[in-house]
Amino acid sequence: MCAPSTKMLFLRILFAFILIVHVKGAATDSQDCKIPAIYNFGDSNSDTGGISAAFYPAGPPTGETYFGIPTGRGSDGRLIIDFIAETLGLPYLSAYLNSIKANFEHGANFATGGATIRRVNESWFLNGVSPFSLDVQVEQFHQFKRRTTYFYNQAKNKSDRSNLPSPDDFSKALYTIDIGQNDLGVCFRSLTNQQCVATFPDIMKDFATAVQQLYDYGARAFWIHNTGPFGCMPIATTNHPNPKPGFFDELGCRKDQSDVAIEFNKQLKDRIIQLRTQLPHAALTYVDMYAAKHRLISDAKNQGFVDALSYCCGYHKNGVDIWCGNKAIINGTEIKADSCKNPSKVISWDAVHYTEAANHWIANHIINGSFSDPPVAISQACTKSITM
């Protein structure tokens, strides 16, 4: 057999190089989700104005750091969902319930402050529980998709489609879910920790049903946050003047409540693993917000924050709770629960929610996949994992 000529060898090498570049480029393109929209479901951790539109609007000093005015967010500025939108090159999400200057071309936010996964027999006016539980939010999305698709297809002019999502974008969108914290809050108000844990299988069933319905409505890429260290919220650590040994952990967090949150997250992750087998065309990313928030709290001072368990806005002392922006008379003295001088140095905004600075830190540490299972960046959340 004759040896190949120099020209033939060159052509073979060139062909191989072109083939490698083509395959590599195709692989890169397949990982680029090109996410056109975000549909968010959850509670006040990601509510961009829903509960304020439905009930009494949040007043100052909320929104003071970034927006300059109250926007319905439970913070001095942007939330994690806002930073997610920025990362994906999308505008901030309009709340589904907000009719004023709403733009739904690149998604919608169905989250409302106080929302739960499972419907509970409480109210916004009694305990701050939203009537828009996860199942209601999913139904609102279903209605949103049907109506916007109808009006989009009926539109005769391009201007008639402004502020409306393209029907083709629903299957390409990212579906973010951040909910569960209020389910724990309801439990802690009315049940023992053991009784609380006993409700988790039913809560997970309701959660799975909601994801299944979204899947049936065309959702394919899911980015799901677990719940944070409940016992580390300042509202959980205040008003305990004589705690028993072991009541607080080494960080000063309420250990029993954080342990319940850990169990909640374990069952949530197990259910998501089950859903991966049940929803063959879905990509479900589980994001360990508990670990991310716990890392920030554990290393607060090195990250530029003051005492990890302090809060910026509100008054919670001696059994008295005055929530951020409100005022009350205590022992003849008016107490105004106003903002601290520098929210950027504090993790907790109002003893429950995070400041913009803390939200920004957490967002920067989750969007690259460092706390995700599978470990994919949010820009690649459409990529379906093969093994988990």
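Let me begin by describing the structure that accompanies this report. Remember, it's a predicted structure, so these values are computed and weren't measured experimentally. (Residues numbered from 1 in each chain as written. Predicted model: local features only at pLDDT ≥ 70, side-chain atom pairs only at ≥ 80, totals over all residues. Heavy atoms only, no water.)

1. Some thoughts on the overall build of the protein
Right, so step 1: The secondary structure content of the protein amounts to twelve helices and ten strands.
Right, so step 2: Rg of the C-alpha trace for the protein: 24 Å, near the compact-globule value of 21 Å for 388 residues, within the 12% margin.
Right, so step 3: When its C-alpha atoms are laid out on the principal axes, the protein stretches across 100 × 55 × 40 Å.
Right, so step 4: If you take every contact in the protein between residues at least 6 apart in sequence, the share linking residues at least 24 apart comes to 71%.
Right, so step 5: Surface accessibility of the protein: about 19200 Å² in total, with carbon and sulfur atoms responsible for 54%.
Right, so step 6: Computed over 35 positive and 35 negative side-chain charges, the inter-centroid distance for the protein is 6 Å. (Helix = DSSP H or I, 4+ residues; strand = E, 2+ residues; numbered from the N terminus. Rg over C-alpha atoms; globule rule 2.2 N^0.38 Å. Contact = heavy atoms within 4.5 Å. Areas by Shrake-Rupley, 256 points an atom, 1.4 Å probe, with all protein chains shown as cover. Lys, Arg positive; Asp, Glu negative; His and termini not counted. Charge placed at Lys NZ, Arg CZ, Asp CG, Glu CD.)

2. Observations concerning the packing of aromatic side chains
Right, so step 1: Considering all chains together, one arrives at 25 aromatic pairs under this definition.
Right, so step 2: A cation over a ring is seen here: Arg 73 above Tyr 92, with NZ or CZ 6.0 Å from the ring centre. (Phe/Tyr/Trp six-rings, centres within 6.5 Å; stacked < 30°, edge-to-face > 60°. Lys NZ or Arg CZ within 6 Å of the ring centre and 35° of its normal.)

3. Quick notes on the state of the cysteines
Right, so step 1: Under the criterion given, the structure shown has four disulfides.
Right, so step 2: The disulfide partner of Cys 232 is Cys 253, and the gap between their sulfur atoms is 2.0 Å. The sign of the S-S torsion, about 100 degrees, decides the handedness of the disulfide formed by Cys 232 and Cys 253: right-handed. Residue Cys 232 is found in the loop between strand 4 (221-225) and helix 9 (234-237), and its partner Cys 253 is found in the loop between helix 9 and helix 10 (255-278); the two are separated by 21 residues along the sequence. Pair check on accessibility: Cys 232 and Cys 253 agree, each one buried.
Right, so step 3: With its sulfur 2.0 Å from that of its partner, Cys 313 forms a disulfide with Cys 324. Given an S-S torsion of about 90 degrees, the disulfide between Cys 313 and Cys 324 has right-handed geometry. Residue Cys 313 is found in the loop between helix 11 (289-298) and strand 6 (315-317), and its partner Cys 324 is found in the loop between strand 7 (320-322) and strand 8 (327-330); the two are separated by eleven residues along the sequence. (Disulfide = S-S within 2.5 Å. Buried < 20%, exposed > 50% of the residue type's maximum accessible area, 1.4 Å probe, protein only.)

4. Things to note about the pattern of salt bridges
Right, so step 1: In this structure the tally under the stated criterion is nine salt bridges.
Right, so step 2: Residue Asp 135 is joined to Arg 119 by a salt bridge in which the shortest nitrogen-to-oxygen separation is 2.7 Å. In this pair, Asp 135 sits in helix 5 (residues 134-154) while Arg 119 sits in the loop between strand 2 (107-109) and helix 4 (124-127), placing the two residues 16 residues apart along the sequence.
Right, so step 3: Look at Asp 135 and you get partly exposed, because its relative accessible area is 29%. (Salt bridge = Lys/Arg side-chain N within 4 Å of Asp/Glu carboxyl O.)

5. Brief notes about the environment of Asn 103
Right, so step 1: Assignment of secondary structure puts Asn 103 in the loop between helix 3 (80-87) and strand 2.
Right, so step 2: Residue classification places Asn 103 among the partly exposed positions, given a relative accessible area of 34%.
Right, so step 3: C-alpha of Asn 103 to C-alpha of Leu 93: the two residues are ten residues apart in sequence and 7.9 Å apart in space.
Right, so step 4: Discounting residues that sit within four places of it in the chain, Asn 103 has contacts with Ser 94 and Asn 163.

6. A short note on the pairing of strand 3 (residues 174-178)
Right, so step 1: The element strand 3 is largely enclosed, with a buried count of five among its five residues.
Right, so step 2: Alternating positions in strand 3 separate into two faces, Leu 174, Thr 176 and Asp 178 on one and Tyr 175 and Ile 177 on the other, with burial throughout.
Right, so step 3: For strand 1 (residues 38-42) and strand 3, the ladder comprises five bridges, and the chain directions are parallel. Looking at strand 3, one finds that Asn 40 is bridged to Thr 176.
Right, so step 4: Relative to strand 4, strand 3 is paired through five bridges, and the arrangement is parallel. Bridged to Asp 178 within strand 4 is His 225. (Pairing = 2+ DSSP bridges.)

Note that every value here comes from positions in space, so none of it alone points to a role or purpose.
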